[in-house]
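# Remarks on the overall topology
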Amino acid sequence: MERVNENNTRSSALLTDKYELTMLEAAILDGTVDRACTFEVFTRRLPNERRYGVIAGTARVLQAVRDFVFTDQQLDRIDFLRDETLEYLRNFRFSGQIDGYREGELYFPHSPVLTVRGTFGECVILETVILSILNMDSAVASAAARMVTAAGDRPIIDMGARRTHEYAAVTSARAAYLAGFVATSNMEAAQRYGIPASGTAAHAWTLLHTRPDGTPDELAAFKAQIAALGTDTTLLVDTYDITQGVENAVAAGGTELGAVRIDSGDLGVLTRRVRDQLDSLGAKNTKIVVSSDMDEFSIAALRSEPVDSFGVGTSVVTGSGAPTAGLVYKLVEVDGVPVAKRSRGKASLGGAKDAARFSRPSGTAVEEVTFPLGAELPQAEGLKSTQLTIPMVRDGELVDGLPTLEESREHCAKQLVCLPWEGLALTRDEPALQVRHISRI
């Protein structure tokens, strides 16, 4: 990992909490800074009603670790550390090992989704940047995956950019796409990550076409949109009266109009009426897109309705009400000796771990197990055993051949199919799979 240029704004080194730097200084002073340590990322419980989680953001974590190098300008502004600590940071470069679940993999309580090994000093100061990325991205991907399952084979578009921080919108679009969304409205996400972009017009476009006397002219708005974008466009028909809007849409675009979008009202009732109206007008191939604060529950409620695709905004960028995946970063091994918290409600399981998943011959997953890092992959009679942890960083360098976004997206889709059917339910009594620890192989 090369040291970033002094003027390189990519440096992620200040994406940290102060207590990590004060711990580092204390460790330098008492001589423990170079003790060999293992930190593990896991969750004790799944948020809201989830029965599984989806890991997202790993590629961004690896980039952040690569870019975790302090510039002289950054260090000049830190006034609470001793000179020896500042010098340590000036020469900092992560040189350890990282293993973990690939992006798009499912996880459950106590799954070791990321394992970071190195000296105490180089591992401890990475806590905040690792968790901030994984918690946000995995929350979005987990929510998006539930929506994809609820939608069945009908596509979902991310429309959440206006409901979150401007750059959270970009990474949320990536996480949602990884989990199975087909496109995003956000142009930065489209360009940065190669995600298909989607979008046509808002209500403002229809309102713009108001005559000087104040009379609405929805038909003129639709004709102008089609003149610019062609008949394959999507017309927003609920600015005024939906029935009249559909009539104007077909009048403007003809029977081969691409789609109409409904963004308000009782969507179940309205989609049936609009489908009947489109068919009666001869627009049998015109699709119906619905939006309006959709989440996995409202999508599931529309499964039997004539909806062709969904637009989702607020609920995906907020992780469907759970803006964090609840992941933590805990020290589990020091100089090869397992260590663990015993705090009530926050206990951890010591030791560096690998993980595997057992599946029936049909492909249905039945159990996840963790076992000592480096031990032989456990087997179970009549079941297929698949190792979940993969090497990502070796001696500070990225491992060649890590999955691309498209490969991770395909992997996620396959894993969702492997869950037992009850594991896809939107409400739960317990996680879809249990994680069992094998202390000896």
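None of the values given here were measured: they were computed from a predicted structure.

For the rest of this paragraph, the subject is the environment of T119. For T119, the position within the fold is in strand β5 (residues 114-119). The exposure class of T119 is buried, given its relative accessible area of 19%. Note: C-alpha distance between T119 and A36 (83 residues apart in sequence) is 4.6 Å. Not counting chain neighbours up to four residues away, the residues in contact with T119 comprise V33, D34, R35 and Y88.

Under the criterion given, the structure shown has 5 aromatic pairs. Relative to F120, the ring of F39 has its centre 6.3 Å away and its plane inclined at 40°; by these criteria the two rings are tilted. One end of the pair, F39, is in strand β1 (residues 36-43); the other, F120, is in helix α5 (residues 120-124), and 81 residues separate them in sequence. Relative accessible area serves as the criterion here: at 5%, F39 is assigned to the buried category. Considering the side-chain rings of F39 and Y329, the 4.9 Å spacing of their centres and the 15° angle between planes classify their relative orientation as stacked. On the criterion of sequence distance, the pair formed by F39 in strand β1 and Y329 in strand β12 (residues 327-334) is long-range, its members being 290 residues apart. One aromatic cluster is present, formed by F68, F70, Y88 and F92 through successive ring pairs. Lying over the aromatic face of F80, K18 brings its terminal NZ or CZ to 4.5 Å of the ring centre. The lysine or arginine in question, R409, covers the ring of Y177, its NZ or CZ lying 4.1 Å from the ring centre.

The subject of this paragraph is the sheet that holds strand β11 (residues 309-312). Pairing is parallel across the open sheet formed by 6 strands, whose spatial order is β7-β6-β11-β10-β9-β8. Each edge of the sheet is formed by a strand with only one pairing partner; in this case those strands are β7 (183-184) and β8 (234-236). Sheet topology places strand β9 (residues 259-262) next to strand β10 (residues 287-290); 4 bridges connect them, and they run parallel. The partner of I262 across the bridge, within β10, is V290.

Membership of the largest hydrophobic core comes to 61 residues, with the highest contact counts inside it found for I156, F181, I299, F310 and V316. Among the elements that make up this core, the one with the highest residue count is helix α6 (residues 127-151) (10 residues). In this structure, this core is formed jointly by two domains, domain 1 (18-141 + 326-437) and domain 2 (165-318), each of which donates at least three residues. Setting aside anything within four residues of it in sequence, one finds I299 in contact with M147, A150, A151, I156, M294, F310 and V312. Counting residues in each nonpolar core, the second largest holds 47 residues, with C37, F70, I125 and V334 among its members.

Below, the discussion takes up the pattern of salt bridges. All chains considered together, the criterion is met by 21 salt bridges. The partner of D67 in a salt bridge is R10, and the shortest N-O contact between them spans 3.8 Å. Residue D67 is found in the loop between α2 (58-66) and α3 (72-76), and its partner R10 is found in the segment before α1 (18-30); the two are separated by 57 residues along the sequence. By relative accessible area, which is 42% here, R10 ends up partly exposed. A salt bridge links R60 to D137; its shortest N-O distance comes to 2.9 Å. One end of the pair, R60, is in helix α2; the other, D137, is in helix α6, and 77 residues separate them in sequence. Under the relative-accessibility criterion, D137 is labelled buried at 1%. Because the salt bridges share partners, they merge into one network encompassing R10, R66 and D67.

The next point concerns the domain arrangement of the protein. By convention, interface size is frequently given as the accessible area that disappears when the constituent parts associate. Domain annotation for the protein reports domain 1 (18-141 + 326-437) and domain 2 (165-318). Listed per partner, the contact involves 18 residues of domain 1 and 18 residues of domain 2. Summed over both sides, the interface of domain 1 with domain 2 buries roughly 1,500 Å², with 66% coming from carbon and sulfur. In this assembly, domain 1 and domain 2 are joined by 1 salt bridge. At the level of elements, α2, α6 and α15 (405-418) are the ones that each hand at least two residues to the side of domain 1 that touches domain 2. The element best represented in the side of domain 1 that touches domain 2 is α15, accounting for 5 residues.

As a further point, take helix α4 (residues 83-90). Taken residue by residue, α4 has T85, L86 and L89 as its buried positions. Down the axis of α4, the buried set is contained in an arc of 100°. They therefore lie on one face.

Reading the values: the criteria
- Residues numbered from 1 in each chain as written.
- Predicted model: local features only at pLDDT ≥ 70, side-chain atom pairs only at ≥ 80, totals over all residues.
- Heavy atoms only, no water.
- Helix = DSSP H or I, 4+ residues; strand = E, 2+ residues; numbered from the N terminus.
- Buried < 20%, exposed > 50% of the residue type's maximum accessible area, 1.4 Å probe, protein only.
- Contact = heavy atoms within 4.5 Å.
- Phe/Tyr/Trp six-rings, centres within 6.5 Å; stacked < 30°, edge-to-face > 60°.
- Lys NZ or Arg CZ within 6 Å of the ring centre and 35° of its normal.
- Pairing = 2+ DSSP bridges.
- Core = buried A, V, L, I, M, F, W, Y, C linked by side-chain atoms within 4.5 Å.
- Domains from an automatic or database assignment.
- Salt bridge = Lys/Arg side-chain N within 4 Å of Asp/Glu carboxyl O.
- Buried area = accessible area lost by both parts, 1.4 Å probe.
- Arc of directions from axis to C-beta.

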